[in-house]
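Listed below, chain by chain, are the residues.
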Amino acid sequence: ELVRHVAVQKLLGVEPPDQPAGVRVVSRDEEHHLEVHPSGVSGADARPIDEYHIEIRHLGTGSIHSFSRPVGAAGCKPQRARIGRLTPGEHQFTVSAVNLAGYSSPISVAIDT
């Protein structure tokens, strides 16, 4: 696709999104929920977000589960995702915002279950 070509992205001013402003994991009813807050940049300076790439790493075993969550037009608003139950131990959640131009810098948070 022409839109994915780097020169076209530069011409259109499309750049990778800014790093999310915050990530939080909340425990509710024996399940976990992930909250992602977009960067504080708004208006004409805001870079579009198409999806969030999320990686959950169990620090004790090294196992990794990754997935993407499309956000569409709601990318400029805080996002919430139900993670479900986690195996006991320490987990690191790493999140990057994604658009056609690439990935933002990741942001991470660790919790102990």
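The structure reproduced in this document is the subject of the present report. (Residues numbered from 1 in each chain as written. Predicted model: local features only at pLDDT ≥ 70, side-chain atom pairs only at ≥ 80, totals over all residues. Heavy atoms only, no water.)

Glancing now at the overall build of the chain. A tally of helices and strands in the chain yields one helix and eight strands. Seen in sequence order, the chain has helices and strands lined up from the N terminus as α-β-β-β-β-β-β-β-β. Within the span of the chain, comprising 113 residues, buried residues form 35% of the whole. Contacts in the chain between residues far apart in sequence, at least 24 positions, make up 54% of those at least 6 positions apart. Summed over all atoms, the accessible surface of the chain reaches about 6,900 Å², with 51% contributed by carbon and sulfur. (Helix = DSSP H or I, 4+ residues; strand = E, 2+ residues; numbered from the N terminus. Buried < 20%, exposed > 50% of the residue type's maximum accessible area, 1.4 Å probe, protein only. Contact = heavy atoms within 4.5 Å. Areas by Shrake-Rupley, 256 points an atom, 1.4 Å probe, with all protein chains shown as cover.)

Time to look at the pattern of salt bridges. All told, the structure shown has eight salt bridges when counted by the stated rule. With a shortest N-O distance of 2.9 Å, Glu35 and Arg24 are connected by a salt bridge. Here Arg24 lies in strand S1 (residues 22-28) and Glu35 lies in strand S2 (residues 31-37), a separation of 11 residues in the sequence. Arg24 sits in the partly exposed class, given a relative accessible area of 46%. (Salt bridge = Lys/Arg side-chain N within 4 Å of Asp/Glu carboxyl O.)

What follows deals with the nonpolar core. Residues Leu34, Tyr52, Ile54, Ile83, Phe93 and Val95 are the most contacted members of the largest nonpolar core, which totals 16 residues. For this core, the elements supplying multiple residues, two or more each, are S1, S2, strand S3 (51-58), strand S6 (90-99) and strand S8 (107-112). The contacts of Val95, once residues within four sequence positions are left out, are Pro20, Val23, Leu34, Val36, Tyr52, His53, Ile54, Ser105, Pro106 and Ile107. (Core = buried A, V, L, I, M, F, W, Y, C linked by side-chain atoms within 4.5 Å.)

Attention now goes to empty space enclosed by the protein. Summed over the entire model, instances satisfying the criterion amount to one cavity of 30 Å³ or more. Considering only enclosed or pocket space, the largest cavity measures out at about 30 Å³ in volume. Lining the largest cavity, in full, are Leu34, Val36, Tyr52, Ile54, Arg69, Gln79, Arg80 and Ala81. Of all the secondary-structure elements, those providing two or more residues to the lining of the largest cavity are S2, S3 and strand S5 (79-84). Broken down by element, the lining of the largest cavity gets its largest block of residues, three residues, from S5. (1 Å grid on protein atoms, 1.4 Å probe; cavity = no way out; pocket = protein on both sides within 12 Å on 5 of 7 lines; lining within 4 Å. Points joined across faces, edges and corners; volume = space filled by probe spheres on them.)

Here we come to the side chain of Thr94. For Thr94, the location among the structural elements is in strand S6. Residue classification places Thr94 among the buried residues on the basis of a relative accessible area of 15%. Reaching out from Thr94, the side chain makes a polar contact with the side chain of Ser108 at a distance of 2.8 Å. Contact partners of Thr94, with chain neighbours within four places excluded, come to His53, Ile54, Glu55, Pro106, Ile107 and Ser108. (Polar contact = N/O pair within 3.5 Å; in protein donor to acceptor, adjacent residues only side chain to side chain.)

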